[in-house]
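Inside the fold
The residues making up each chain are set out below.
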Amino acid sequence: MTILLLTRRQVLATGAAALAGGTLARAHDGTVHVAIRNLAFQPAEIEVRAGETIEWTNDDPFAHTATVKGGWEVTIPPGKKATHVVAAGDTVDYYCRFHPNMKGRIKVVE
């Protein structure tokens with residue numbers, strides 16, 4: 001029987017890698033996926049490149065939106081998916097028009 005002992009540095013590095021990986025919800029197809037569950041965007045903050053697609057999947061039993069004040073809006077019906085293609089100037093905060101406490105952030109990176 002082998003006992004695995006981790007150093008403090010290994011534990012911290014593993015935790016940092018897990019946290020960094022949780023922010024970016026990127027799939028292999030260049031689409032960034034955001035789930036909507038329990039009145040929240042998950043993850044709430046995402047990083048995308050211009051030209052990539054954000055896909056929201058609404059797992060709640062009621063409609064939501066991804067709304068940028070003074071900008072664009074995407075309606076996401078219950079149990080459905082909706083998308084938005086990211087433009088260069090799309091570093092924005094967004095919210096659900098029906099549930100304004102639901103907030104998210106899109107950061108465009110190069």
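Residues numbered from 1 in each chain as written. Predicted model: local features only at pLDDT ≥ 70, side-chain atom pairs only at ≥ 80, totals over all residues. Heavy atoms only, no water.

Looking now at the packing of aromatic side chains. Considering all chains together, one arrives at 3 aromatic pairs under this definition. Each member of the aromatic cluster is reached from another via a ring pair, and the members are Phe41, Trp56, Trp72 and Tyr94. (Phe/Tyr/Trp six-rings, centres within 6.5 Å; stacked < 30°, edge-to-face > 60°.)

What follows concerns the pattern of salt bridges. This model, assessed by the stated rule, comprises 5 salt bridges. Notably, a salt bridge pairs Asp59 with Arg37, separated by 3.0 Å at the nearest N-O pair. Taken together, the positions of Asp59 in the loop between strand S4 (53-58) and strand S5 (64-67) and Arg37 in the loop between strand S1 (31-36) and strand S2 (41-42) put the pair 22 residues apart, joining distant regions of the chain. As a salt-bridge pair, Lys81 and Glu55 come within 3.9 Å of each other at their nearest N and O atoms. With Lys81 in strand S7 (residues 81-85) and Glu55 in strand S4, this residue pair connects regions lying 26 residues apart in the sequence. (Salt bridge = Lys/Arg side-chain N within 4 Å of Asp/Glu carboxyl O. Helix = DSSP H or I, 4+ residues; strand = E, 2+ residues; numbered from the N terminus.)

An order of S2-S1-S4-S7 is seen for the 4 strands of this open sheet, with the pairing classed as mixed. Each having just a single partner strand, S2 and S7 make up the two edges of the open sheet. As paired strands, S1 and S2 are joined by 2 bridges and run antiparallel to one another. Looking across to S2, one finds that Ala35 is bridged to Gln42. (Pairing = 2+ DSSP bridges.)

Right, let's talk about the environment of Ala40 for a bit. Positionally, Ala40 belongs in the loop between S1 and S2. Judged by its relative accessible area of 26%, Ala40 falls in the partly exposed class. Note: C-alpha distance between Ala40 and Asn101 (61 residues apart in sequence) is 8.5 Å. In this structure Ala40 touches Ala35 and Met102, once residues within four positions along its chain are discounted. (Buried < 20%, exposed > 50% of the residue type's maximum accessible area, 1.4 Å probe, protein only. Contact = heavy atoms within 4.5 Å.)

Side chains of strand S6 (residues 73-76) alternate between two faces, with Val74 and Ile76 buried and Glu73 and Thr75 left unburied. The turn linking S5 back onto S6 is made up of 5 residues, and Gly70 within it adopts a positive phi angle of 75°.

What follows covers the side chain of His84. Note on placement: His84 falls in strand S7. We classify His84 as buried; its relative accessible area is 15%. Within the structure, the side chain of His84 is placed 2.9 Å from the side chain of Asp90, a separation counted as a polar contact. Not counting residues up to four positions away in its chain, the partners in contact with His84 are Glu52, Thr53, Ile54, Trp56, Trp72, Val74 and Asp90. (Polar contact = N/O pair within 3.5 Å; in protein donor to acceptor, adjacent residues only side chain to side chain.)

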